[in-house]
Amino acid sequence: MATLPVTVIPLPAPVLLPVAGSDAVFPVRRVYCVGRNYADHAIEMGHDPSREPPFFFQKNPQNLVTDGLFPYPPLSSNVHFEVELVMALKAGGNDIAVDDALNCVWGYGVGIDFTRRDLQDGLKKAGRSWEAAKAFEASAPVSPLVPAEKIGHPQQGAIWLDVNGKRKQSGDLAQMIWKLPEIVVELSKLFTLSAGDIIMTGTPAGVGPILRCDRILCAVEGVAELEVEVI
Ligand code: MN
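Close approach of charged atoms lets side chains of opposite charge pair. Throughout the structure, instances matching the rule amount to eight salt bridges. Between D113 and K59 there is a salt bridge, with its nearest N and O atoms 2.7 Å apart. Separated by 54 residues along the polypeptide, D113 in the loop between β9 (105-112) and β10 (115-116) and K59 in strand β4 (residues 55-59) bring together distant segments of the chain. Like K59, D113 is buried. In this structure, D113 and K134 form a salt bridge, with 2.8 Å as the shortest nitrogen-oxygen distance. Taken as a pair, D113 in the loop between β9 and β10 and K134 in helix α3 (residues 131-134) lie far apart in primary sequence, 21 residues in all. What makes K134 buried here is its relative accessible area of 2%. Several salt bridges converge on common partners, so that one network encompasses K59, E82, D113, R117 and K134.

For the coordinates displayed, the defined rule picks out one cavity of 30 Å³ or more. Estimated volume of the largest cavity: approximately 120 Å³. Taken together, the elements giving at least two residues each to the lining of the largest cavity come down to β3 (31-35), β4 and α2 (117-126). Ranked by residues supplied to the lining of the largest cavity, first place goes to α2 with three residues.

A few words now on the environment of P204. Mapping P204 onto the fold places it in the loop between β15 (198-200) and β16 (208-209). Residue P204 is classed as buried on the basis of its relative accessible area of 0%. Remark: the alpha-carbon pair of P204 and D172, spanning 32 residues in sequence, is separated by 7.8 Å. The contacts of P204, once residues within four sequence positions are left out, are Y38, D40, H41, E44, V83, I159, Q169 and G171.

A few words now on α2. All of the buried residues along α2 are R117, Q120 and L123. One face of α2 carries all of its buried residues, which in axial projection span an arc of 120°. Positive phi shows up at G127, right after α2, with a value of about 70°.

Reading the values: the criteria
Residues numbered from 1 in each chain as written. Predicted model: local features only at pLDDT ≥ 70, side-chain atom pairs only at ≥ 80, totals over all residues. Heavy atoms only, no water. Salt bridge = Lys/Arg side-chain N within 4 Å of Asp/Glu carboxyl O. Helix = DSSP H or I, 4+ residues; strand = E, 2+ residues; numbered from the N terminus. Buried < 20%, exposed > 50% of the residue type's maximum accessible area, 1.4 Å probe, protein only. 1 Å grid on protein atoms, 1.4 Å probe; cavity = no way out; pocket = protein on both sides within 12 Å on 5 of 7 lines; lining within 4 Å. Points joined across faces, edges and corners; volume = space filled by probe spheres on them. Contact = heavy atoms within 4.5 Å. Arc of directions from axis to C-beta.

This is how it looks when you write it as structure tokens:
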């Protein structure tokens, strides 16, 4: 058995997501996110909802949180929620065929792509990259993952988000412009996908700001629910 080399600093902790109904955990390698994947959200953000090639950005694995707490981040006064279906991969590769794409998926969950919208607006105007708006600490709360073996591969079903008991986002997975297999296909043209990769698949309309002490409840029907408190 290979022994680990001596590390010159302590080995960073692996990022491990809980699995619903199990003591086993899902180890995370990368986190990809899809931009503008529901027509009504593209329109509310001032974009053309036609089927242009999808675009992607990344968060850091360490941005995933599972403790139900979202610390309001610094340097923003307009942090928005975006509820999204989360895919978790068990296999990958490059140039994956559409018929093989779902064979790469281990399971699903629900997550929130928190966004410092004021920073994002400034970065968009300046033609700069979005990391500061998207990949900040705790920016991606996620539910425990559920294996596809149990729930299948969702193609439709309500996706919604409430703030303090009021419905803010409401859509259906069937409204996705790029379907789950197509997202895997397109991402695998750009990047080498691998077991452990997480994909956040875009948000329906209704995104909006949160404040400290807000309580968020969101879900994808038939997949998972997630409760988050803004602190
Ligand atoms: Mn998003």
